[in-house]
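# Summary of structural features
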Amino acid sequence: LRDWKFLKYLREHAHTIAGKSQMIINAYAKALEVIPRQLSENAGFDSTDILNKLRHKHAAGGKWFGVDIVNEDICDTFETFVWEPSLVKRNALEAATEAAILILSVDETVKNPQSEQQQAGPAMGRGGGMGRGMPGMGRGMKVMRGRGGK
């Protein structure tokens, strides 16, 4: 499966980045292993053994290897006529990526360090301090003396 080539690229690229971004890219790469792991577990196989065989085969240059449900092993899916529609896979990857970006952007909005710094500053109301009333209304109310404002 070409997913393994993409997965390998992501893991190599993650090593060139530091911080949260590296963790996010590694998590995304790990998520790509969910499909063969779930296929193996659903068939009652040892998913760790199957994934290790897949990793080894793809590291050795195998291009089309995937889970063989019939023989409880891995196989060359091209030779056994097991093909995945690339459009379906592409749409699934795009939808999953967009969902992850949305979740991360909401999380980043909630935990935005810039907004936390602004909140730690001087506590002024919404008006931003003295002398800022509604536009066109002057500098606020005049003090009324006695009856009738005189």
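Residues numbered from 1 in each chain as written. Predicted model: local features only at pLDDT ≥ 70, side-chain atom pairs only at ≥ 80, totals over all residues. Heavy atoms only, no water.

## Concerning the overall build of the protein chain
Just so we agree on the cut-off: Helix and strand definitions here come from DSSP, where helices need a minimum of 4 consecutive H or I residues and strands a minimum of 2 consecutive E residues; each element is numbered from the N-terminal end. Buried means the residue's accessible area, taken with a 1.4 Å probe over protein chains only, is under 20% of the maximum for its type, while exposed means over 50%, and partly exposed covers the values in between. Note on contacts: a residue pair is in contact if any heavy atoms of the two residues lie within 4.5 Å. Only the protein chains shown count as cover for residues, and all accessible areas are computed by the Shrake-Rupley method using a 1.4 Å probe.
Along the backbone of the protein chain there are 6 helices and 2 strands. Reading the secondary structure of the protein chain in the N-to-C direction produces α-α-α-α-β-β-α-α. By the burial criterion, 18% of the 150 residues in the protein chain qualify as buried. Here the analysis covers contacts within the protein chain between residues at least 6 apart in sequence; of these, 35% occur between residues at least 24 apart. By element, 59% of the accessible surface of the protein chain is carried by carbon and sulfur atoms, the whole surface being about 12,300 Å².

## Points about the packing of aromatic side chains
Which entries qualify depends on this criterion: The aromatic pairing rule takes the rings of Phe, Tyr and Trp, using the six-membered ring of Trp, and pairs them if the centres are within 6.5 Å, calling planes under 30 degrees apart stacked, those over 60 edge-to-face and the rest tilted.
A full pass over the atoms with the stated rule returns 3 aromatic pairs. An angle of 75 degrees between the planes, with centres 5.8 Å apart, marks the rings of Phe-81 and Trp-83 as edge-to-face. For Phe-81, a relative accessible area of 63% corresponds to the exposed category. Following the ring pairs from residue to residue traces out a cluster consisting of Trp-64, Phe-78, Phe-81 and Trp-83.

## Some points on the pairing of strand S1 (residues 65-68)
Condition: When DSSP finds two or more bridges between two strands, those strands count as paired.
Of the pairings in the sheet, the one linking S1 to strand S2 (residues 73-76) comprises 4 bridges and is antiparallel in character. The residue bridging Asp-68 from the neighbouring strand is Asp-73, located in S2. The turn linking S1 back onto S2 is made up of 4 residues, and Glu-72 within it adopts a positive phi angle of 50 degrees.

## Thoughts on helix H4 (residues 47-59)
Using the following cut-off: Here the expected span of a helix is defined as 1.5 Å times the quantity of residues minus one. Note that the arc is defined by the directions from the helix axis to the C-beta atoms.
For H4, which comprises 13 residues, the first-to-last C-alpha distance of 18 Å matches the rise-based estimate of 18 Å (1.5 Å per residue) to within 8%. Taken residue by residue, H4 has Ser-47, Ile-50, Leu-51, Leu-54 and His-58 as its buried positions. End-on view of H4: buried residues confined to an arc of 95 degrees, all on one side of the axis. Of the exposed residues in H4, those oriented more than 90 degrees away from the buried face are His-56 and Ala-59. Where H4 ends, the next residue or the one after it, Gly-61, has phi of about 105 degrees, a positive value.

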